Amino acid sequence: MAKKATLMREYAKGLWDENPVLISLLGLCPTLAVTNSAINGIAMGLATTFVVVSSSVIISSIRKVIPHQVRIASYIVVIATFVTVADRFLAAFTPEISKALGPYVPLIVVNCLILGRQEAFSSKNSPGRSFLDALGMGTGFLLVLFVLGAIRELLGSGSILNFTILGDWFMPWMVMILPPGAFLTLGLLIGLSNWINERRAEA
Amino acid sequence: MNTSAKMILVLTLITMISGGVLSSWDGYTAPKIEQYRLEQLRQAVGDVLPAHEDYEKVEADGMTFYVGKEGAATVGIAFLAIGNGFQGEIRMMVGMRPDFSEITGLSVLEQVETPGLGTKIVTDPSNKENPDWFTDQFKGLVPQPKIEALKNQAPQNDNEIQAITGATISSKAVVDILNSAIEQARKKYNSTKEQVS
Amino acid sequence: MTDEEKKQQEETGEPPSSDGKSDDKQTSDSKTGTKKKARARKKKKAKKKKPDPRSKLFQLDRQPFILAPSPHQYTEDSVPKIMWSVVGAVAPAAIMAVYYFGMPAVWMILACIGAALGTEALINRIKGEGYTIGDGSAAITGLLLALTLPPSFPVSGGIIGSVFAIAIGKQIFGGLGANIFNPALLGRAFLQASFPVAMTTWTAPNTAKFAGIDAVSAATPLGQFKFENIMTQYGDLLTGNIGGSLGETSAIAILIGGIYLLVKKYADWRIPVSFLGSVFILGGIFWLINPAQFPDPIFHLLSGGLMFGAFFMATDMVTSPITPKGAWIFGAGAGLILIIIRLYGGLPEGVMYSILLMNSVTPLINRYTRPEIFGEVRA
């Protein structure tokens with residue numbers, strides 16, 4: 001690496017400039033599948049953040065011990081451990097959310113966002129930087145999932161986080177809490193972010 | 001140390017640590033998960049059976065019955081009815097009189113019907129007075145010769161219910177699942193009784 | 001070549017191939033080239049304002065000297081002319097809708113057309129590439145969408161559908177000519193998925209009271225057949241005295257407009273013929289197998305949105321195949337899908353999905369039915 005970025009930058013890049021969903025288009029399966037309400041988006045985002053942060057710190061700490069040939073296997077074992085921890089935690093303490101998220105919590109293990117961060121960042125950087133990087137990526141993921149979930153919940157059920165926003169006059173757009181709504185909303189969000197970036201580049 | 005030995009050693013170590021962490025974490029969370037599952041079951045059985053002190057589990061020919069007891073008397077039998085809905089599996093808990101003559105209650109445990117339409121088999125937010133009107137219809141229903149779902153008209157007989165407007169398929173699915181489950185349950189439960197006596 | 005390019009060409013007298021656009025694309029990818037890009041944009045703007053003085057050199061007498069690929073002949077038909085003719089062709093069905101369903105139909109039609117035009121204008125404004133509301137395509141989208149909605153459907157829902165049809169169905173792909181799916185049908189599909197109950201609640205025609213307050217709920221003939229096994233008289237199906245979407249009930253009104261379109265050659269006659277023909281033949285086969293379970297083919301033709309879809313939706317020039325052979329495949333495929341949905345699907349009607357599904361394979365059909373170039377040797 002030519003030049004070390006500032007620590008703040010390490011965290012902030014995941015929020016927008018290298019946002020895992022909007023820019024890198026990573027981890028789209030949970031993004032599309034569980035965001036039919038804002039609370040589900042938050043739960044998924046938090047679980048993913050927990051997994052990516054913990055595994056980044058661990059892998060970064062032991063990066064010099066892991067032989068190059070078995071690094072992917074090692075990463076996956078570490079990630080799977082934290083995913084199982086998160087899954088059991090949700091099932092034990094928030095059973096309702098665990099039920100709503102269904103198989104997508106165990107499926108965090110195959111979220112390419114997480115393995116991608118280990119391969120691209122944690123295996124080459126110190127634990128401190130890896131922590132910040134993973135936290136930024138996790139926060140960026142969480143933010144997009146929350147926004148996506150909030151938009152879909154607002155239009156699909158007339159509420160956000162179960163608080164009714166739109167009154168009785170509102171006819172819920174059923175399609176928004178169905179799979180097509182996820183694709184439509186995500187597509188428009190990505191389009192919007194591209195548009196903003198283009199505007200910024202021009203200015 | 002050569003590379004292969006190092007590879008084996010490191011992977012083994014990581015896996016062992018991971019196993020250790022997971023087993024201790026499981027020991028901590030498993031009782032809570034099990035407790036939640038039992039609570040859910042107790043609640044579902046309580047919902048569908050008439051007032052009872054306790055229930056006991058009876059296995060019969062691969063089917064599980066939850067027999068509600070008031071003292072020594074059997075007040076009702078609850079069992080699971082599982083079948084295909086519009087999009088996926090519907091799991092319901094059904095409560096019946098001990099002689100299978102009348103349904104005492106129905107509760108939908110799991111379903112993946114279309115949100116806002118088929119999900120009305122659980123709760124119907126458009127019906128402010130009684131969001132559970134669909135499942136409530138089954139209380140006191142006599143499944144003889146079998147349950148029928150009517151579209152756009154009020155039920156006349158003891159074996160008829162009204163289907164949900166716009167979710168005819170989900171309503172019919174519930175009725176079909178019930179009809180076959182009640183039929184099976186009656187046969188299986190009665191066969192165990194004969195063996196005992 | 002689009003109309004706009006043509007116009008530009010006539011103004012400047014040179015083919016529109018090498019303007020600022022190509023430079024633009026190259027630089028837009030690299031982040032460092034932002035300044036260049038801005039400069040290129042400015043250049044482009046300057047070019048538009050002042051025509052190149054050299055262009056006069058290429059002009060002979062009155063005719064501009066054009067270097068361009070074929071086609072070299074143009075018809076007098078233009079996009080606006082065709083589109084407004086389609087509006088005229090749909091008019092009989094719209095009049096029948098108002099006759100049977102009263103003022104709610106009027107409001108629905110006006111609201112949908114207004115919302116479609118408004119959305120088109122708004123997006124034109126954002127894009128800054130000139131207004132296209134005058135070409136009539138947005139109006140026809142709104143009108144067609146309104147006529148495929150149930151009479152009791154709330155007007156606000158119709159507006160949502162029109163906005164979706166124009167914004168997501170058409171403009172996001174790049175405007176008229178670039179859309180994959182028929183915008184009106186896409187709008188309807190969105191409404192069907194969003195408001196499934198309202199989209200399947202029908203009212204009986206109410207000719208007596210023009211106020212339209214006493215709407216009586218009724219099932220469509222297809223719904224009656226599917227769920228209650230009741231047949232409807234052919235006479236009612238022809239005149240449209242049945243439950244159904246606003247404009248789809250009267251087969252005669254649709255036929256008048258449809259035949260006008262075919263005679264004027266604004267619609268490819270092969271598409272409605274193959275669509276209706278395949279429904280008739282396939283429906284007939286099922287009917288011959290078991291007349292008790294399956295409806296007869298004439299009922300298939302006259303009921304539901306088949307006529308409306310076959311004449312006004314499937315024939316959309318943008319989203320249907322351009323080759324004659326492709327048109328036959330398109331219609332036959334839509335008919336097959338329709339019969340499968342009607343007889344074996346969960347819904348009573350499937351015209352919308354059958355046309356949308358065939359829209360999605362139109363590029364493929366075009367590709368495989370490309371006519372041989374004269375003198376080409378087959379490999």
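See the structure printed just above.
Residues numbered from 1 in each chain as written. Chains lettered and ligands numbered in written order. Predicted model: local features only at pLDDT ≥ 70, side-chain atom pairs only at ≥ 80, totals over all residues. Heavy atoms only, no water.

Chemist: Would you take a moment to explain the overall build of chain C for this structure?
Modeler: Per the secondary structure count, chain C includes 16 helices and two strands. Put simply, chain C has 379 residues, and 45% of those count as buried. Summarising the internal contacts of chain C: among those between residues at least 6 apart in sequence, 73% fall at separations of at least 24. (Helix = DSSP H or I, 4+ residues; strand = E, 2+ residues; numbered from the N terminus. Buried < 20%, exposed > 50% of the residue type's maximum accessible area, 1.4 Å probe, protein only. Contact = heavy atoms within 4.5 Å.)

Chemist: Please explain the overall build of chain A as it appears in this structure.
Modeler: Secondary structure assignment for chain A yields eight helices and two strands. Reading chain A from its N terminus to its C terminus gives the helix and strand order α-α-α-α-α-α-α-β-β-α. Residues classed as buried in chain A amount to 47% of the 203 residues present. Taking all contacts inside chain A whose residues are at least 6 apart in sequence as the whole, residues at least 24 apart take part in 75%. Accessible surface, chain A: about 9,300 Å² in total, of which carbon and sulfur atoms supply 70%. (Areas by Shrake-Rupley, 256 points an atom, 1.4 Å probe, with all protein chains shown as cover.)

Chemist: Is there a simple way to think about a negative patch on the surface in this case?
Modeler: Residues and elements named next belong to chain B. A contiguous patch of negative charge on the surface is contributed by Glu53, Asp54, Glu56 and Glu70. Tracing the chain through its elements places Glu56 in strand 1 (residues 54–60). Note on Glu56: relative accessible area 40%, which makes it partly exposed. (Patch = residues over 30% accessible without salt bridge, like charges linked within 9 Å, V, L, I, M, F, W, Y side chains within 5 Å. Salt bridge = Lys/Arg side-chain N within 4 Å of Asp/Glu carboxyl O. Lys, Arg positive; Asp, Glu negative; His and termini not counted. Charge placed at Lys NZ, Arg CZ, Asp CG, Glu CD.)

Chemist: Would you mind going over the sheet that holds strand 2 (residues 63–70) of chain B with me for this structure?
Modeler: Paired through their backbone hydrogen bonds, the strands of a sheet run either parallel or antiparallel. Residue and element names in this part refer to chain B. Strand order across the open sheet formed by five strands is 1-2-3-4-5, with antiparallel pairing between neighbours. Looking along the sheet, the strands with just one partner apiece sit at the ends: strand 1 and strand 5 (103–110). Pairwise comparison of adjacent strand axes, ignoring direction, gives a mean angle of 25 degrees for this sheet. Strand direction decides the pairing type here: strand 2 and strand 3 (residues 73–84), joined by six bridges, are antiparallel. Pairing of Lys69 across the sheet is with Thr74, part of strand 3. (Pairing = 2+ DSSP bridges. Axes fitted to C-alpha atoms, helices over the stretch in contact; angles between N-to-C directions.)

Chemist: Looking at this model, I keep getting lost on the interface of chain A and chain C. Mind explaining?
Modeler: By a widely used convention, the size of an interface equals the accessible area lost when the partners come together. Each side of the interface is counted separately: chain A has 11 residues, and chain C has 15 residues. It is Met171, Trp173 and Glu202 of chain A in chain A that bury the most area against chain C; as a group they hold 45% of the surface buried on that side. At the junction of chain A with chain C, the criterion picks out zero salt bridges. Here chain A and chain C share two residue pairs in polar contact (both at pLDDT 80 or more) between them. Along the lines of polarity and charge, the residues of the side of chain A that touches chain C split into nine nonpolar, no polar and two charged. (Buried area = accessible area lost by both parts, 1.4 Å probe. Polar contact = N/O pair within 3.5 Å; in protein donor to acceptor, adjacent residues only side chain to side chain. Nonpolar A, V, L, I, M, F, W, Y, C, P; charged D, E, K, R; others polar.)

Chemist: What is the right way to read the nonpolar core from this model?
Modeler: Most often, soluble globular proteins keep nonpolar side chains buried together rather than apart. Formed by 79 residues in total, the largest nonpolar core has its most connected members in Val90, Leu147, Phe275, Phe308 and Phe312 of chain C. Broken down by element, the residue count for this core peaks at 10 residues, all from helix 4 (residues 79–101) of chain C. Formed by 37 residues, the second largest nonpolar core is a distinct cluster that contains Ile79, Leu101, Ile108 and Leu189 of chain A. (Core = buried A, V, L, I, M, F, W, Y, C linked by side-chain atoms within 4.5 Å.)

Chemist: How do you make sense of the interface of chain B and chain A when you look at a structure like this?
Modeler: Every contact between the two is made by 24 residues of chain B and, on the other side, 25 residues of chain A. When residues of chain B are sorted by the area they lose upon contact with chain A, Ile14, Trp25 and Tyr36 of chain B head the list and together hold 24% of the total. Connecting chain B to chain A are one salt bridge. Residue Asp26 of chain B pairs with Arg88 of chain A through a salt bridge whose shortest N-O separation is 2.4 Å. On inspection of chain B and its partner chain A, the count reaches four residue pairs in polar contact (both at pLDDT 80 or more). Those elements giving two or more residues to the side of chain B that touches chain A turn out to be helix 1 (3–48) and strand 5 of chain B.

Chemist: Explain the environment of Thr315 of chain C here, please?
Modeler: Residue and element names in this part refer to chain C. Mapping Thr315 onto the fold places it in the loop between helix 14 (306–313) and helix 15 (324–344). Linking Thr315 and Asn182, residues 133 residues apart in sequence, is a C-alpha distance of 9.7 Å. When residues no more than four places from it in sequence are discounted, the contact partners of Thr315 are Ala267, Asp268, Ile271, Pro272, Ala310 and Ser320. Of the polar contacts made by the side chain of Thr315, one reaches the backbone oxygen of Phe311; its length is 2.6 Å.

Chemist: Explain the packing of helix 3 (residues 38–61) of chain A against helix 6 (residues 112–122) of chain A to me, please; I cannot follow it from the model alone.
Modeler: The relative placement of two packed helices comes down to the angle between their axes together with the axis-to-axis distance. Residues and elements named next belong to chain A. At a minimum axis distance of 10 Å, the contact between helix 3 and helix 6 shows a crossing angle of 30 degrees. In terms of axis orientation, helix 3 runs roughly parallel to helix 6. For the crossing formed where helix 3 meets helix 6, the hand is right-handed. For the pair helix 3 and helix 6, contact is made by Thr48, Val51, Val52, Ser55, Ser56, Ile59 and Ser60 and by Leu113, Ile114, Arg117, Gln118 and Ser122, respectively. A class-by-class count of the residues in the contact of helix 3 with helix 6 yields five nonpolar, six polar and one charged. (Parallel < 35°, antiparallel > 145°, perpendicular 65-115°, else oblique. Left-handed = near helix turned anticlockwise from the far one by under 90°.)

Chemist: Explain the packing of aromatic side chains to me, please; I cannot follow it from the model alone.
Modeler: Note on aromatic pairs: each is described by the distance of the centres and the angle between the planes. In the structure shown here, the tally under the stated rule is 22 aromatic pairs over all chains. Judged by centre distance (5.8 Å) and plane angle (80 degrees), the rings of Tyr55 of chain B and Tyr66 of chain B are edge-to-face. You can see Tyr55 of chain B sitting in strand 1 and its partner Tyr66 of chain B sitting in strand 2, a full 11 residues away along the chain. Note on accessibility: Tyr55 of chain B and Tyr66 of chain B belong to one class, buried. Ring-pair connections join several aromatic residues into one group, and the members of that group are Phe89 and Phe93 of chain A together with Trp25 and Tyr28 of chain B. (Phe/Tyr/Trp six-rings, centres within 6.5 Å; stacked < 30°, edge-to-face > 60°.)

Chemist: Can you help me understand unusual backbone geometry in this one?
Modeler: Residues and elements named next belong to chain A. Positive phi, normally seen in glycine, also occurs at Leu25, with a value near 50 degrees. Residue placement: Leu25 occurs in the loop between helix 1 (7–12) and helix 2 (28–33). Its relative accessible area of 42% is what places Leu25 among the partly exposed residues. Notably, Leu161 is not glycine yet its phi reads approximately 50 degrees, a positive angle. Looking at the element boundaries, Leu161 is found in the loop between strand 1 (159–160) and strand 2 (163–164).

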